[in-house]
Amino acid sequence: MRRASLAVRLTLACTGGMALLTVAALVGMLVGSVPITPGDLWLAWSDPDRLDPATATILLDLRLPRVLLGILVGASLALAGSGFQGILRNPLADPYIVGTSAGAALGASLAIVLHLPSPLPWLSPVPALAFLGALGAMMAVYRLARIGNTLPVETFLLAGVVVGSFAGAMVSFLMTLAHEDLPRVVFWLMGSLGQADASRVALVAPYLLIGGVALYLLSPALNLASMGDEAAWSLGVDVERLKIRVILAGSLVTAAAVSASGLIGFLGLLVPHLTRMLVGPDHRVLMPASALGGAAFLVLADTVARTVGAPQEIPVGVVTAMVGAPFFFWLLHHRKGLS
Amino acid sequence: MTPPRLQAQGLAFSYTPDSPQVLDPLDLDLQPGSFVGLLGPNGSGKSTLLKLLAGVLRPVQGRVHLGGEDMSRIPRGRLASTLAFVPQDVQVWLPFTCREVVAMGRYVHRSGLGLLDSGHDEVVRRCMADTGVADLAERRITEVSGGEAQRVRIAQALAQEAGILVLDEPTSHLDISFQVEVMDLLSRLNRTRGLTILAALHDLNLASLYCDRLIALRQGHVLRDGPPAEVLEPTLLQDLFGVQVEVQSGPGRRPRIFLVPTEDRKA
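Residues numbered from 1 in each chain as written. Chains lettered and ligands numbered in written order. Predicted model: local features only at pLDDT ≥ 70, side-chain atom pairs only at ≥ 80, totals over all residues.

A few points about the overall build of chain B
Phase 1 of the analysis: Helix and strand content of chain B: 10 helices and 12 strands.
Phase 2 of the analysis: The globule rule puts the C-alpha radius of gyration for 267 residues at 18 Å, and the 19 Å found for chain B is close to it.
Phase 3 of the analysis: Referenced to the eigenvectors of the C-alpha coordinate spread, the extents of chain B come out at roughly 65 × 40 × 35 Å.
Phase 4 of the analysis: Partitioning the intrachain contacts of chain B with sequence separation of at least 6 by distance along the chain shows that 65% fall at a separation of at least 24. (Helix = DSSP H or I, 4+ residues; strand = E, 2+ residues; numbered from the N terminus. Rg over C-alpha atoms; globule rule 2.2 N^0.38 Å. Contact = placed C-beta atoms within 7 Å.)

Details of the overall build of chain A
Phase 1 of the analysis: Within chain A, the regular secondary structure consists of 13 helices and 0 strands.
Phase 2 of the analysis: When the helices and strands of chain A are listed from N to C terminus, the series reads α-α-α-α-α-α-α-α-α-α-α-α-α.
Phase 3 of the analysis: Against the 2.2 N^0.38 benchmark of 20 Å for 339 residues, chain A shows a C-alpha radius of gyration of 20 Å, consistent with a compact globule.
Phase 4 of the analysis: Dimensions along the principal axes, computed over C-alpha positions, put chain A at roughly 65 × 55 × 40 Å.
Phase 5 of the analysis: Taken across its 339 residues, chain A has 53% of its residues classed as buried.
Phase 6 of the analysis: Taking as baseline every contact in chain A between residues at least 6 positions apart, the subset at least 24 positions apart corresponds to 77%. (Buried ≥ 20, exposed ≤ 12 C-beta atoms within 10 Å, placed from the backbone.)

Some words on the interface of chain A and chain B
Phase 1 of the analysis: At the junction of the two partners, chain A supplies 26 residues and chain B supplies 31 residues.
Phase 2 of the analysis: Every element with two or more residues in the side of chain A that touches chain B is listed here: α1 (6-30), α8 (198-225) and α9 (229-234) of chain A.
Phase 3 of the analysis: Counted by class, the side of chain A that touches chain B contains 12 nonpolar, 7 polar and 7 charged residues. (Nonpolar A, V, L, I, M, F, W, Y, C, P; charged D, E, K, R; others polar.)

Details of the environment of Leu204(B)
Phase 1 of the analysis: As for its position among the elements, Leu204(B) is in helix α7 (residues 204-210).
Phase 2 of the analysis: Between the alpha carbons of Leu204(B) and Leu232(B) there is a distance of 8.0 Å; along the sequence they are 28 residues apart.

A closer look at the sheet that holds strand β3 (residues 35-39) of chain B
All names here are of chain B.
Phase 1 of the analysis: If you walk across this open sheet you meet the 6 strands as β6-β7-β8-β3-β9-β10, and the pairing is mixed. Both edges of this open sheet fall to β6 (83-86) and β10 (221-226), since each of them pairs with a single strand only. On average, each strand axis in the sheet is inclined to that of its neighbour by 15 degrees, with strand direction left out of account.
Phase 2 of the analysis: Where β3 lies against strand β9 (residues 213-218), 4 bridges are found, and the strand directions are parallel. Of the residues in β9, the one forming a bridge with Gly37 is Leu214.
Phase 3 of the analysis: The sheet strands contacting helix α1 (residues 46-54) are β3, β6, β7 (164-168), β8 (196-200) and β9, and the helix crosses β7 at an angle near 155 degrees. (Pairing = 2+ DSSP bridges. Axes fitted to C-alpha atoms, helices over the stretch in contact; angles between N-to-C directions.)

Looking at unusual backbone geometry
Excluding glycine, a negative phi dihedral is what most residues carry, and trans is how most peptide bonds are arranged.
Phase 1 of the analysis: A positive phi angle is found at Arg89(A), which is not glycine, with a value near 50 degrees.
Phase 2 of the analysis: Locating Arg89(A) in the fold gives a position in the loop between α3 (53-88) and α4 (100-113).
Phase 3 of the analysis: The exposure class assigned to Arg89(A) is partly exposed, which follows from the 17 C-beta atoms found within 10 Å.
Phase 4 of the analysis: Phi is positive for Glu169(B), which is not a glycine, with a value near 50 degrees.

Overview of the packing of α4(A) against helix α6 (residues 153-176) of chain A
Residues and elements named next belong to chain A.
Phase 1 of the analysis: Where α4 contacts α6, the axes come no closer than 8 Å and their chain directions differ by 20 degrees. By the angle between their axes, α4 is roughly parallel relative to α6. Every pair of crossing elements has a handedness; the one defined by α4 and α6 is left-handed. The residues of α6 that touch α4, namely those facing Ala102, Gly103, Ala105, Leu106, Ser109, Leu110 and Val113, are Val163, Gly164, Ala167, Gly168, Met170, Val171, Leu174 and Met175.
Phase 2 of the analysis: The residue makeup of the contact of α4 with α6, split by class, is 11 nonpolar, 4 polar and no charged. (Parallel < 35°, antiparallel > 145°, perpendicular 65-115°, else oblique. Left-handed = near helix turned anticlockwise from the far one by under 90°.)

Topic: the pairing of β8(B)
Along any regular strand the residues' side chains alternate between the sheet's two faces.
All names here are of chain B.
Phase 1 of the analysis: With 5 of its 5 residues buried, β8 lies for the most part within the structure.
Phase 2 of the analysis: The two faces of β8 match: Thr196, Leu198 and Ala200 on one face and Ile197 and Ala199 on the other face are all buried.
Phase 3 of the analysis: Bridge analysis of β3 against β8 gives 4 bridges, and the strand direction is parallel. The partner of Phe35 across the bridge, within β8, is Ile197.

Notes on the sheet that holds strand β4 (residues 61-66) of chain B
Residue and element names in this part refer to chain B.
Phase 1 of the analysis: Strands sit in the order β2-β1-β4-β5 across an open sheet of 4 strands; the sheet is antiparallel. Edge strands, defined here as strands with exactly one partner in the open sheet, are β2 (23-30) and β5 (69-70).
Phase 2 of the analysis: Sheet topology places strand β1 (residues 6-13) next to β2; 5 bridges connect them, and they run antiparallel. Residue pairing in the sheet places Phe13 in a bridge with Leu23 of β2.
Phase 3 of the analysis: Sheet contacts for α1: β1, β2 and β4; angle to β1, the most-contacted strand, approximately 125 degrees.

Focus: the confidence of the model for chain A
Should pLDDT be low for a region, the predicted coordinates there are not to be read in detail.
Phase 1 of the analysis: Mean pLDDT over chain A works out to 90, with 98% of the residues at or above the 70 mark.
Phase 2 of the analysis: When mean pLDDT is compared element by element in chain A, helix α12 (residues 283-307) of chain A scores highest at 96, while helix α13 (residues 316-335) of chain A scores lowest at 83. (pLDDT = per-residue confidence, 0-100.)

Section: the nonpolar core
Phase 1 of the analysis: By size, the foremost hydrophobic cluster in this structure holds 191 residues, and its most contacted members are Val204(A), Val237(A), Ala256(A), Leu38(B), Leu53(B), Val102(B) and Val166(B).
Phase 2 of the analysis: Element by element, the count of residues in this core is highest for α3(A), at 15 residues.
Phase 3 of the analysis: Excluding residues within four positions of it along the chain, Ala256(A) makes contact with Ser76(A), Phe131(A), Leu203(A), Val204(A), Tyr207(A) and Leu208(A). (Core = buried A, V, L, I, M, F, W, Y, C linked by C-beta atoms within 7 Å.)

This is the structure:
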């Protein structure tokens, strides 16, 4: 069967993804420990003054920022995962493979345990130090992995493990010193959208926008990178420059996402694979589709996280892994392979 | 349009600073429109030489010139539209369709940012027809046989529409009918479109039948360089591969090589 042209596939994937995301966002606004009716939601949109103040607070101050942050973080992690899997030619690559997660965890633990002040005036200490930690780890991995003018994939993966292990050990050490702050560290490590507010939305949005556009523009070259460095090079792609760009763009969006929400696991690994099964491997379709899919997935997971045990909240990272892992396993088994 | 001349001067290479040199300083001159076969045992430096000439590796010493221009100064895009390289054993890890893989050869000729090029164009179709893979268009590259994948890769290189084609053992995964088919195709491109072709070959008879010049490489230096009749002779081949062969040749005929079976050698 002749496959539909790229433009048709792109339109279908984006329309489908937008529809899914719209449904997820509506569910995220309506469902929770306090149910909201669609009428209230409509009123909040059309005539907010007539809305009951308690409902208005829940909708606009609590749920809206959470849904928005969920969209941004989910899209960021899925995009970074797609990019890293593509450039590293490794189905196990996820956004955290470059050590950004461990670096962010170290930054956040330092802020929580040592009560350090924020070095970035527009951010509170935990996200600010997490962001700087993530960037620091990414730069350490890059410098360790670089050999001359090249960035060999194997060295890069190893450097990620080394930096990740080191930062992870530091986090464990800080946790032994944490005493009454320990639950905060643990909760941060498990990931949550509970701290969502305008400043965190504003932290993630610009990086997602810049990094997302960059990754989309790099997607034709990323397709060629799947042939291996030598073949891609001979087809006209400057592979080394491409690696640096993808890693930089992916790390920036991951760093921003992680610092706003903690470590939300599995999404960045799962969503690119799921999307690839649906839309095929072409990164020009995969990138926008997995961004939309990741956004929808995280908004739904967060709705579950704050609803099932209400008023107690489950960390959303627990939900993404508990739902995602068995589903992914079923899918792999069903489809007999990653392709 | 004649392809530019590909020349190498004093080419030397080693993979790390302290490892032995894979190539001795080596000079080479490929005339536009020639069909050149590169012969030599495993480990003789054939692949390294091809990668240096294709610009995939950078020489430790010496230079490669393309049309008189230092290759290391030519931007990637322009180089890929002048010279196409088919490496050995390319593994594509994502399940692209064969059409998508061939369309990747159009990257250097992409329109705009290449975000909407679909591969449904005339060049892609023709390159797939030329290599006999038109029927595989919608099959996944990860699911076709080694020989089919090899032909798809050659179709991809053709889609670059470059004047120089460098191939590392293009017939290695193919059965004899496709070996002949691929060599016929290369020969046709060489004769009708004036493409310069440089291929590392293991099959001496194919090399003899199709190439107009052969280069025998041993331990990184050129043992002999010339027309098939001058290169394919028993003493040189014995020297090169350590194998006893008989060569049938005559005036106006290309040499044919026969392996002498082990039990006959003592006689």
